[in-house]
Amino acid sequence: MAASAKSKVRVPPAFVEPHAQAKCLSALHRQANSCERCELYKNATQTVFGEGHSGARVVLVGEQPGDREDIAGMPFVGPAGRLLDECLHEASIDRSLCYVTNAVKHFKFERRGKRRLHAKPNAGEIQRCAWWLGGEIDVVRPHLIVALGATALYALMGHSVGLTKERGQILATPNQVPLLVTVHPSYLLRIRNRNDRDSEHLKFVDDLRMISRYL
Ligand code: URA
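Quick look at the structure, then. (Residues numbered from 1 in each chain as written. Predicted model: local features only at pLDDT ≥ 70, side-chain atom pairs only at ≥ 80, totals over all residues. Heavy atoms only, no water.)

**Details of the overall build of the chain**
Heads up, the rule is: Strands here mean DSSP runs of E at least two residues long; helices mean DSSP runs of H or I at least four residues long; both are numbered from the N terminus. We take the radius of gyration over the C-alpha atoms and set the globule estimate at 2.2 Å times the residue count to the 0.38 power. Burial classes: relative accessible area under 20% of the type maximum marks a residue as buried, over 50% as exposed, and values in between as partly exposed (1.4 Å probe, protein chains only).
A tally of helices and strands in the chain yields 9 helices and 7 strands. Relative to the 2.2 N^0.38 estimate, which gives 17 Å for 215 residues, the radius of gyration of the chain is 16 Å and therefore close to what a compact globule would have. Along the first, second and third principal axes, the C-alpha set of the chain runs to 45 × 45 × 35 Å. A buried classification covers 53% of the 215 residues belonging to the chain.

Here is the structure:
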């Protein structure tokens, strides 16, 4: 798990850690807009909070907003979001029935000329931001949480679970909300070999099909 392998910090799950409290998602969102819990707010355009309604039965958790999301202020609207939409569609899952969010709410990047290149959030940043993720889960009270990739899994389960081993599985969690473990759509975008990409795409869609039982 890249986000945690080098770190000695133990990150307790967003489920059981103290987390943000609010009556509704919009109140939580307002609180998060002025978040300074780590340094990432300094360079990001804005907080990119989760999107969806509080009655959603499924919460999808990604890593962090990318360049497009940082500008738009909405999760999963860039290339990874388009691929996620395509795969959800193939799995017959309606994204609008899900609450879509990220483990980390600010875009972390490195500047290369005019470009802003994604940089991986570290353990401390993920831990700080679990404050909001825990709050979102508490308000939505989903029937299923989907961890899209290692950072989401780390935010939710700490060091206890590895992505490669548990991918495609539905795990029990401390607060009884089942957790589906799968890859992040960006992983598919990075695969160069076409056959490998196609087979990983199919595997991802198969994982997403499991969501339908909980909707
Ligand atoms: N990748 C993520 O993990 N989340 C987004 O919102 C966009 C890209």
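**Regarding the side chain of T182**
What counts here: Counting of polar contacts relies on pairs of N or O atoms within 3.5 Å, with two restrictions inside protein: one atom must be capable of donating a hydrogen and the other of accepting it, and residues adjacent in sequence are counted only when both atoms are side-chain atoms. We call two residues in contact when some of their heavy atoms are within 4.5 Å.
Topologically, T182 is positioned in strand β7 (residues 179–182). With relative accessibility at 0%, the residue T182 sits in the buried group. In this structure the side chain of T182 is engaged in a polar contact, spanning 2.6 Å, whose partner is the side chain of D207. Not counting residues up to four positions away in its chain, the partners in contact with T182 are V146, A147, L148, G149, L163, R167, F204 and D207.

**Focus on the packing of aromatic side chains**
Selection criterion: In summary, the pairing rule links any two rings of Phe, Tyr or Trp, Trp by its six-membered ring, whose centres are within 6.5 Å, and it sorts them by plane angle into stacked for under 30 degrees, edge-to-face for over 60 and tilted for everything else. Counting as a charge over the ring demands two things of the Lys NZ or Arg CZ atom: a distance within 6 Å of the ring centre and an angle within 35 degrees of the ring normal.
Summed over all chains, the structure comprises 1 aromatic pair. Taking the ring centre of F49 as reference, the NZ or CZ of K105 above it sits at 5.9 Å.

**A word on the environment of M157**
With respect to the helices and strands, the residue M157 is situated in helix α6 (residues 150–157). A residue is classified by how much of its surface remains accessible, and M157, at 9% relative accessible area, is buried. Each C-alpha atom of the pair M157 and E200 lies 24 Å from the other, and the pair is 43 residues apart in sequence.

**Observations regarding the site of the ligand**
As a reminder, the rule being used: Residues are counted as near a molecule or strand when any one of their heavy atoms sits within 4 Å of it. Residue exposure ignores everything except the shown protein chains as possible cover, and the areas themselves are Shrake-Rupley values with a 1.4 Å probe. Buriedness of a pocket was judged along seven lines, with at least five required to meet protein on both sides within 12 Å; pockets are open sets of points on a 1 Å grid over the protein atoms alone, cavities are sets where a 1.4 Å probe fits but cannot get out, and lining residues have an atom within 4 Å of a point. By definition, a pocket or cavity contains a molecule when more than half of the molecule's atoms lie within 2 Å of the pocket's grid points. Residues were grouped as follows: Ala, Val, Leu, Ile, Met, Phe, Trp, Tyr, Cys and Pro as nonpolar; Asp, Glu, Lys and Arg as charged; and all remaining residues, including Gly, as polar.
Neighbouring the ligand are G62, E63, Q64, P65, G66, E69, P75, F76, N102 and H184. The separation between a nitrogen atom of the ligand and a polar side-chain atom of N102 is 2.7 Å. The separation between an oxygen atom of the ligand and a polar side-chain atom of H184 is 2.6 Å. Protein contacts shield 94% of the accessible area of the ligand, which totals 230 Å² for the unbound molecule. If you map the ligand onto the pockets, it falls in the largest pocket. Class assignment of the residues belonging to the shell around the ligand gives a composition of 3 nonpolar, 5 polar and 2 charged.

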